[in-house]
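Chain by chain, the residues:
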Amino acid sequence: QVQLVESGGGLVQAGGSLRLSCAASGSFGSINAMGWYRQTPGGQRELVANMPTGHSTNYADTVKDRFTITRDDAKKTVYLQMNSLKPEDTAVYYCNAVIWVYGAGSYRDFWGQGTQVTVSS
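Residues numbered from 1 in each chain as written. Predicted model: local features only at pLDDT ≥ 70, side-chain atom pairs only at ≥ 80, totals over all residues. Heavy atoms only, no water.

(A) Geometry of the overall build of the protein. The helix and strand inventory of the protein stands at 0 helices and 11 strands. At 14 Å, the protein has a C-alpha radius of gyration in line with the 14 Å of a compact globule built from 121 residues. Overall size of the protein, expressed as C-alpha extent along the three principal axes, is 45 × 25 × 25 Å. Looking at the protein as a whole, 40% of its 121 residues qualify as buried. For the protein, the share of sequence-separated contacts (at least 6 apart) that also reach a separation of at least 24 residues comes to 56%. Accessible surface for the protein amounts to roughly 6300 Å². Of this, 47% is attributable to carbon and sulfur atoms. In the protein, 10 side chains carry a positive charge and 9 a negative one; their mean positions are 4 Å apart. (Helix = DSSP H or I, 4+ residues; strand = E, 2+ residues; numbered from the N terminus. Rg over C-alpha atoms; globule rule 2.2 N^0.38 Å. Buried < 20%, exposed > 50% of the residue type's maximum accessible area, 1.4 Å probe, protein only. Contact = heavy atoms within 4.5 Å. Areas by Shrake-Rupley, 256 points an atom, 1.4 Å probe, with all protein chains shown as cover. Lys, Arg positive; Asp, Glu negative; His and termini not counted. Charge placed at Lys NZ, Arg CZ, Asp CG, Glu CD.)

Put into structure tokens, the structure is as follows:
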């Protein structure tokens, strides 16, 4: 069974920084893309940043130059360094990974449980 376990959320003042981590565990094959999404109450889940295979990166315009996504394939972990945080960054942040599932014989989407990030003004 594949699990994505997130950590690093919390409360921070505007202008501060947080680092999110997400580790994949279980029995599976290769990991394709890994990334982060966020969702506010009543809002849709939106892409924050992701890293497809080849380690290129994609960022939402709202976080470019403030957030940095990295991944450590040996640790099966993706990180999101968030700097210069703003109140509008407040949301539940979800880790996402596209992982090869042996039993299915295909790549499948997996999500973490979500971690709350709250930025006070």
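(B) Up close: the nonpolar core. Core analysis: the largest hydrophobic core is formed by 30 residues, its most contacted members being Trp-36, Leu-80, Met-82, Tyr-93 and Ile-99. Looking at this core, the elements with two or more residues in it are β3 (18-25), β4 (31-39), β5 (46-51), β7 (67-72), β8 (77-82), β9 (91-101) and β11 (115-120). If one sorts the elements of this core by residue count, β9 sits on top with 5 residues. If we skip the residues at most four places from it in the chain, Met-82 touches Gly-16, Ser-17, Leu-18, Leu-20, Arg-66, Phe-67, Tyr-93 and Val-117. (Core = buried A, V, L, I, M, F, W, Y, C linked by side-chain atoms within 4.5 Å.)

(C) Local environment of the environment of Gly-35. Structurally, the position occupied by Gly-35 is in strand β4. Excluding residues within four positions of it along the chain, Gly-35 makes contact with Ala-49, Asn-50, Ile-69, Tyr-94, Cys-95 and Asn-96.

(D) Local environment of the state of the cysteines. Within the structure shown, the criterion is met by 1 disulfide. Paired through a disulfide, Cys-22 and Cys-95 show a sulfur-sulfur distance of 2.0 Å. In this structure the cystine formed by Cys-22 and Cys-95 twists about its S-S bond by roughly -75°; its chirality is therefore left-handed. Residue Cys-22 is found in strand β3, and its partner Cys-95 is found in strand β9; the two are separated by 73 residues along the sequence. Each member of the pair, Cys-22 as well as Cys-95, carries the same accessibility label: buried. (Disulfide = S-S within 2.5 Å.)

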